[in-house]
Amino acid sequence: MSAGRRFGAVALATLAGVAVATQSRINGELGVRLGDGVAAAVVSFGSGLLLLLLLVPATRAGRRGLTALRTALQQGALRPWQCLGGACGAFLVFTQGATVGTLGVAVFTVAVVAGQSASSLLVDRAGIGPSGRQAVTGARLAGAALTVVAVLLAVSDRFREPSTLALALLPLLAGVAVAWQQAVNGWVRVVTESTLTATLVNFTAGTAVLLVAFLVSLALRGLPPGELPNDLWLYLGGPIGVTFIAVAAAVVRLTGVLLLGLATVAGQVVGAVLLDVLMPSAASHPDPTTLLGAVLTLVAVAVAALGGRVRAWSSETRSGTARRGRTDDAGR
């Protein structure tokens with residue numbers, strides 16, 4: 001794999017992470033307006049699914065992907081459980097609507113990152129993703145650990161509020177699930193050779209799970225207390241989610257699950273900082289430590305992405321030097 005392709009994949013994943021931070025703010029606000037995190041998640045995931053139901057059949061690649069998906073499931077090349085990544089995405093979107101209004105984007109990101117970084121190591125080690133089994137090298141472990149330290153630093157002042165810690169368990173668990181979601185969605189993308197089809201599979205599974213949860217909530221608690229808002233920007237969470245899942249499914253085979261997770265983490269933290277600084281909410285507490293944490297997160301991604309490559313380059317350089325030395329000695 002060329003360094004350029006790997007760098008491009010990491011850059012796309014980072015931009016997708018910025019989009020996730022934006023989606024978190026949108027779905028968090030939607031959850032506050034509706035007074036129901038499940039209802040907000042249904043609106044977000046459902047709008048994404050409707051968009052994909054229009055796009056996939058309208059494109060040649062999408063139609064080809066659906067045919068390939070059916071064939072792969074019939075022949076066993078793709079297992080049904082590998083099509084359930086959207087259930088994890090549904091849980092993540094639910095936690096956005098249920099917690100961001102209270103925690104803020106930055107604290108929400110901390111919890112997701114802590115779960116995602118640890119889980120990505122295990123998913124890569126088990127070889128669940130399409131990039132196969134990947135060793136937990138020192139650079140990858142250091143990058144994951146440094147990312148957690150960075151985001152903890154970025155929002156250290158918020159952890160003086162013990163009431164936020166219990167609520168943060170929801171996005172923490174969602175972060176654990178995200179790594180597995182990215183891995184199995186990557187497999188659907190590889191088998192179908194269609195990013196749109198992989199994204200449609202994700203949103204179909206997620207919407208189905210959320211609809212069941214919403215029906216249960218409806219039976220137990222009745223209709224949400226809030227009404228659907230008129231602000232159109234509050235309905236952009238679904239399209240943003242489509243973009244993120246499409247990018248993740250397309251690049252995971254080039255990056256591996258851990259590096260994809262670290263790159264999206266960097267984007268999430270930078271996006272969360274920008275949102276909290278430029279458009280602060282009641283739960284936002286931007287300060288210099290938040291900015292320092294964002295910079296440290298970018299360093300962590302660089303360590304994980306380039307650590308192994310630098311060692312390989314150094315090894316090749318030493319080997320080449322040694323060969324040249326032996327050649328020179330032979331000539332003399």
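This text goes with the structure placed above it.
Now for a look at the structure at hand. (Residues numbered from 1 in each chain as written. Predicted model: local features only at pLDDT ≥ 70, side-chain atom pairs only at ≥ 80, totals over all residues. Heavy atoms only, no water.)

This brings us to the overall build of the chain. When you go through the chain residue by residue, the secondary structure sums to 10 helices and 0 strands. Its helices and strands taken in sequence order, the chain reads α-α-α-α-α-α-α-α-α-α from the N to the C terminus. Classification of the 332 residues of the chain by burial places 49% in the buried group. For the chain, restricting intrachain contacts to residue pairs at least 6 apart in sequence, the fraction spanning at least 24 positions comes to 86%. Carbon and sulfur atoms form 69% of the exposed surface of the chain, whose accessible area is close to 15000 Å². (Helix = DSSP H or I, 4+ residues; strand = E, 2+ residues; numbered from the N terminus. Buried < 20%, exposed > 50% of the residue type's maximum accessible area, 1.4 Å probe, protein only. Contact = heavy atoms within 4.5 Å. Areas by Shrake-Rupley, 256 points an atom, 1.4 Å probe, with all protein chains shown as cover.)

What follows is about unusual backbone geometry. Here the phi dihedral of glutamate 193 falls at roughly 55°; this positive angle occurs in a residue that is not glycine. Considering the arrangement of structural elements, one finds glutamate 193 in the loop between helix H7 (169-192) and helix H8 (195-221). When its relative accessible area of 65% is taken as the criterion, glutamate 193 is described as exposed.

Once that is clear, we can look at a nonpolar patch on the surface. Together, Leu274, Val277, Leu278, Met279 and Leu291 make up a nonpolar patch on the protein surface, roughly 500 Å² of accessible area in all. Tracing the backbone through its elements, the reader meets valine 277 in helix H9 (residues 237-278). (Patch = residues over 30% accessible without salt bridge, like charges linked within 9 Å, V, L, I, M, F, W, Y side chains within 5 Å. Salt bridge = Lys/Arg side-chain N within 4 Å of Asp/Glu carboxyl O.)

Turning our eyes to something else, we now look at the packing of helix H1 (residues 3-34) against helix H4 (residues 85-126). For any two helices packed against each other, the geometry is given by the interaxial angle and the distance between the axes. Where H1 meets H4, the closest approach of the two axes is 7 Å, and the angle between their N-to-C directions is 115°. By the angle between their axes, H1 is roughly perpendicular relative to H4. By crossing handedness, the relation of H1 to H4 is classed as left-handed. Residue-level contacts link Val20, Ala21, Gln23, Ser24, Arg25, Asn27, Gly28, Gly31 and Val32 of H1 to Val93, Gln96, Gly97, Val100, Gly101, Val105 and Phe108 of H4. (Axes fitted to C-alpha atoms, helices over the stretch in contact; angles between N-to-C directions. Parallel < 35°, antiparallel > 145°, perpendicular 65-115°, else oblique. Left-handed = near helix turned anticlockwise from the far one by under 90°.)

What follows covers the pattern of salt bridges. Per the counting criterion, the structure on display carries 3 salt bridges. A salt bridge links glutamate 29 to arginine 33; the nearest nitrogen and oxygen atoms lie 2.9 Å apart. Of this pair, glutamate 29 and arginine 33 are both found in helix H1, 4 residues apart, which corresponds to roughly one turn of the helix. A salt bridge links aspartate 36 to arginine 221, with the nearest nitrogen and oxygen atoms 3.3 Å apart. Remark: arginine 221 occurs in helix H8 and aspartate 36 occurs in the loop between H1 and helix H2 (37-58); sequence separation between them is 185 residues. Overall, aspartate 36 belongs to the buried group, its relative accessible area being 4%. For arginine 221, a relative accessible area of 59% puts it in the exposed group. Ionic contacts of the salt-bridge type, sharing partners, join the residues Glu29, Arg33 and Asp231 into one network.

Before going further, it helps to spend a moment on the packing of aromatic side chains. Under the definition given, this model contains 3 aromatic pairs. Ring centres of phenylalanine 91 and phenylalanine 94 lie 6.3 Å apart, and the angle between their planes is 25°; this geometry places the pair in the stacked category. Highlighted residues: phenylalanine 91 and phenylalanine 94, both in helix H4, separated by 3 residues, approximately one helical turn. Given a relative accessible area of 21%, phenylalanine 94 falls into the partly exposed group. (Phe/Tyr/Trp six-rings, centres within 6.5 Å; stacked < 30°, edge-to-face > 60°.)

Along the chain, serine 217 falls in helix H8. On the accessibility criterion, serine 217 (9% relative accessible area) is buried. The residues touching serine 217, leaving out its near neighbours within four places in the chain, are Asp36 and Gly222.

Okay, the side chain of glutamine 268 next. Counting through the fold element by element, glutamine 268 comes out in helix H9. Non-local contacts of glutamine 268, meaning those with residues more than four positions away in its chain, are made with Gly17, Val18, Val20, Ala21, Thr109, Val112 and Gln116.

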